[in-house]
Each structure stands twice: as C-alpha cells, then as structure tokens.
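Residue strings, one per chain:
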Amino acid sequence: TLGSAMTSGNVGGLPSNETTLGEALKPVGYDTKLVGKWHLGQRPQYLPPNHGYDEWIGIPFSVDAGCSWWAFWTPDNTSTASGVSGTCESNEWHRYPLPLFDNLTIVEQPIDLSTLQTRYVASA
C-alpha cells in the first residue's frame, strides 16, 4: 500500500506488482488513455505510461500539493489568509510547482489551471 496521499515531495508510488486498468485491458486488445490526475507517484517509473496506459495527459498530484501562485501562496511566496506560511523549499507539502504531463514529458510547470479543463476535453 502507499500509506498516504501522494504529495509533491514523495519519492515512492504505485508498486509494480499492482495491476492498473490500463494493464488489464491491454491483453484483450484495448488502447488506453488516461486524462486527469494520477496521484500514484510522480517519478517516471510510477507514471501512467509505465503502468499500462498508452497515453496520459494530466497532473501527478493534487492542486493543493504543489507550490504555485494559485494554491496557498501570496506573490511574495511567504503566507496566505489560510495560515500557510514559509517558502516553497521549506514546505514539505508544497515544495514543487504542479506540472502538466503529456505522457512522460512535462509540458507546463506550473500549470495554468484556468486552461486545464479545456486541455483535458480537447485531448479526450
């Protein structure tokens, strides 16, 4: 088991002995595409294309688990009304900006969330 929700600072992910829907459908002739949040690890070996999916466009962790202008931080990157304070580098949950992946390639980081829904629909 993973033990907890994945954040931007995690190094682990979905174990290779777990079977995904993509892996289960491939032997019976299906092509698979995942559109959306993966949340099972952000290192290459844990991403959807390495777990049976032919294609993936999406984010590897939740919007609130990446340090970026849209989440918890003010422009000076120090604090917000929600009470979160510090810098990206010092905050375990919000250390890295949320990336948008197209398969194994980061195409935008930090992602502009105002365009995410349109990108997902266009890619489906």
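See the structure shown above.
Residues numbered from 1 in each chain as written. Predicted model: local features only at pLDDT ≥ 70, side-chain atom pairs only at ≥ 80, totals over all residues. Heavy atoms only, no water.

Further remarks concern the nonpolar core. Counting eight residues, the largest nonpolar core is built from Ile57, Ile59, Phe61, Leu98, Leu100, Ile111, Leu116 and Tyr120. Not counting the four nearest positions on each side in its chain, Leu116 is found in contact with Leu100 and Ile111. Counting seven residues, the second largest nonpolar core, distinct from the first, contains Leu14, Leu34, Leu47 and Trp56. (Core = buried A, V, L, I, M, F, W, Y, C linked by side-chain atoms within 4.5 Å. Buried < 20%, exposed > 50% of the residue type's maximum accessible area, 1.4 Å probe, protein only. Contact = heavy atoms within 4.5 Å.)

Considered for burial, the residues of helix H2 (residues 116-123) that qualify are Leu116, Tyr120 and Ser123. One side of H2 holds all its buried residues, which, seen down the axis, span an arc of 75°. With respect to the buried face of H2, the exposed residues turned more than 90 degrees away are Gln117, Thr118, Val121 and Ala122. (Helix = DSSP H or I, 4+ residues; strand = E, 2+ residues; numbered from the N terminus. Arc of directions from axis to C-beta.)

In this section: the sheet that holds strand E1 (residues 33-35). Ordered in space as E1-E2-E3-E4, the four strands form an open sheet in which the pairing is mixed. The open sheet has two free edges, formed respectively by E1 and strand E4 (105-108), since each of these has just one partner strand. In this sheet, neighbouring strand axes are inclined to one another by 25° on average, regardless of whether the strands run parallel or antiparallel. As paired elements, strand E2 (residues 55-58) and strand E3 (residues 100-102) share two bridges and run antiparallel to each other. When the bridges of E3 are listed, Ile57 appears paired with Asp102. (Pairing = 2+ DSSP bridges. Axes fitted to C-alpha atoms, helices over the stretch in contact; angles between N-to-C directions.)

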